[in-house]
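# Coordinate inspection notes
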Amino acid sequence: MKKFILATFIIFTTTINAQVYIGGGVSFWDNNDDDRLSISFTPEVGFRINPRVAFGANIGYEYLKEKGARNEVFTFAPYMRIFLYSLKNVDLFWDSTVGIKHINPHNSKAGNCIEIGVKPGISYTFNHHFCLTASMGFVGYRHCERDFGNTKYEPGLGFRLINELAFSFHYHF
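Please read these numbers as outputs of a predicted model, since none were measured by experiment.

Summed over all chains, the structure comprises five salt bridges. Of the charged contacts, one joins Glu115 and Lys119 as a salt bridge, the two residues approaching to 4.0 Å between their closest N and O atoms. Look at Glu115 and you get buried, because its relative accessible area is 6%. Taken together, the shared-partner salt bridges connect Glu44, Arg81 and Asp95 into one network.

Pasting the structure below:
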């Protein structure tokens, strides 16, 4: 059985030809004046099935502390990436995503949110293996189990372009 799994893995990795990518982002922000701290880690894995379409998922963890209130947020967000326009090394895209968040405030009970929508983005390819990606905003619907008292996790329908800029690096195999 081990030989079969190893052979399958070797065949899969040699035939994909730069279609699988891994990457993600890390952020840290500390504001002592306002007693705010934010740390996040969001690894990402994806598979580009052709020059115009890719599938992937983000798995994230975020720790937020603001004026004594602390939140931990766990995220799982699969997406389908559609490349809208390409010019040399630059690609414009949008991610159709269904994200699930589990928010665990340290001073009250935890809850879950689900969001369905699109996130526009741009990527710059340095070479055959490395790429820098930036996405900004969210357009769609978000539903939460309860009121978290934080407008970042407010349920509803709409768009948010403020405080939603994210950069990530990708390595293509």
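So, on to the side chain of Ser38. Relative to the assigned elements, Ser38 resides in strand 2 (residues 36–50). The contacts of Ser38, once residues within four sequence positions are left out, are Ser27, Phe28, Trp29, Glu62, Tyr63 and Leu64.

Glancing now at the pairing of strand 3 (residues 53–66). Two faces make up the sheet, and in a regular strand the side chains alternate between them. Bridging between strand 2 and strand 3 involves twelve bridges; their strand directions are antiparallel. Residue pairing for strand 3: Ser40 is matched across the bridge by Glu62. Hairpin connection, strand 2 to strand 3: the antiparallel pair is bridged by two residues. Pairing of strand 3 with strand 4 (residues 69–87) involves 14 bridges; the strand directions are antiparallel. Across the sheet, residue Val53 finds its bridge partner in strand 4, namely Ile82.

Turning to the state of the cysteines, a few remarks are in order. All told, the structure shown has one disulfide when counted by the stated rule. Here Cys113 pairs with Cys144 through a disulfide, and the sulfurs are 2.1 Å apart. When the S-S torsion is 105°, as for the bridge of Cys113 with Cys144, the disulfide is right-handed. One end of the pair, Cys113, is in strand 6 (residues 111–125); the other, Cys144, is in strand 7 (residues 130–144), and 31 residues separate them in sequence. The exposure classification of Cys113 matches that of Cys144, with both residues buried.

Looking now at the packing of aromatic side chains. Tallied over the entire structure, the rule returns five aromatic pairs. Relative to Phe173, the ring of Tyr171 lies with its centre 5.2 Å away and its plane at 90°, an arrangement referred to as edge-to-face. Overall, Tyr171 belongs to the partly exposed group, its relative accessible area being 30%. One aromatic cluster in this structure is built from Phe130, Tyr171 and Phe173. Above the ring of Phe83, the side-chain terminus of Arg48 is found at 3.7 Å from the ring centroid. Over the aromatic face of Phe93 sits the side chain of Arg81, whose NZ or CZ is 4.2 Å from the ring centroid.

Together, Ile22, Val45, Tyr124, Phe126, Phe130, Phe169, Tyr171 and Phe173 make up a nonpolar patch on the protein surface, roughly 780 Å² of accessible area in all. Mapped onto the elements of the fold, Phe173 is located in the segment after strand 8 (156–172).

With that out of the way, let us pick up the environment of Asn71. Relative to the elements of secondary structure, Asn71 occurs in strand 4. Between the C-alpha atoms of Asn71 and Ser108, which are 37 residues apart in sequence, the distance is 9.6 Å.

Quick look at the pairing of strand 6 now. Of the pairings in the sheet, the one linking strand 5 (residues 90–105) to strand 6 comprises 14 bridges and is antiparallel in character. Note on strand 6: the bridge partner recorded for Gly99 is Glu115. In this antiparallel pair of consecutive strands, strand 5 and strand 6, the connection spans five residues. Two strands pair when backbone bridges link them, and strand 6 and strand 7 are joined in this way by eleven bridges, in the antiparallel orientation. By the bridge assignment for strand 7, Thr125 is matched with Cys131. Count of turn residues in the strand 6/strand 7 antiparallel hairpin: four residues.

Rules used throughout
- Residues numbered from 1 in each chain as written.
- Predicted model: local features only at pLDDT ≥ 70, side-chain atom pairs only at ≥ 80, totals over all residues.
- Heavy atoms only, no water.
- Salt bridge = Lys/Arg side-chain N within 4 Å of Asp/Glu carboxyl O.
- Buried < 20%, exposed > 50% of the residue type's maximum accessible area, 1.4 Å probe, protein only.
- Helix = DSSP H or I, 4+ residues; strand = E, 2+ residues; numbered from the N terminus.
- Contact = heavy atoms within 4.5 Å.
- Pairing = 2+ DSSP bridges.
- Disulfide = S-S within 2.5 Å.
- Phe/Tyr/Trp six-rings, centres within 6.5 Å; stacked < 30°, edge-to-face > 60°.
- Lys NZ or Arg CZ within 6 Å of the ring centre and 35° of its normal.
- Patch = residues over 30% accessible without salt bridge, like charges linked within 9 Å, V, L, I, M, F, W, Y side chains within 5 Å.
- Areas by Shrake-Rupley, 256 points an atom, 1.4 Å probe, with all protein chains shown as cover.

Coordinates in, geometry out; function isn't part of it.
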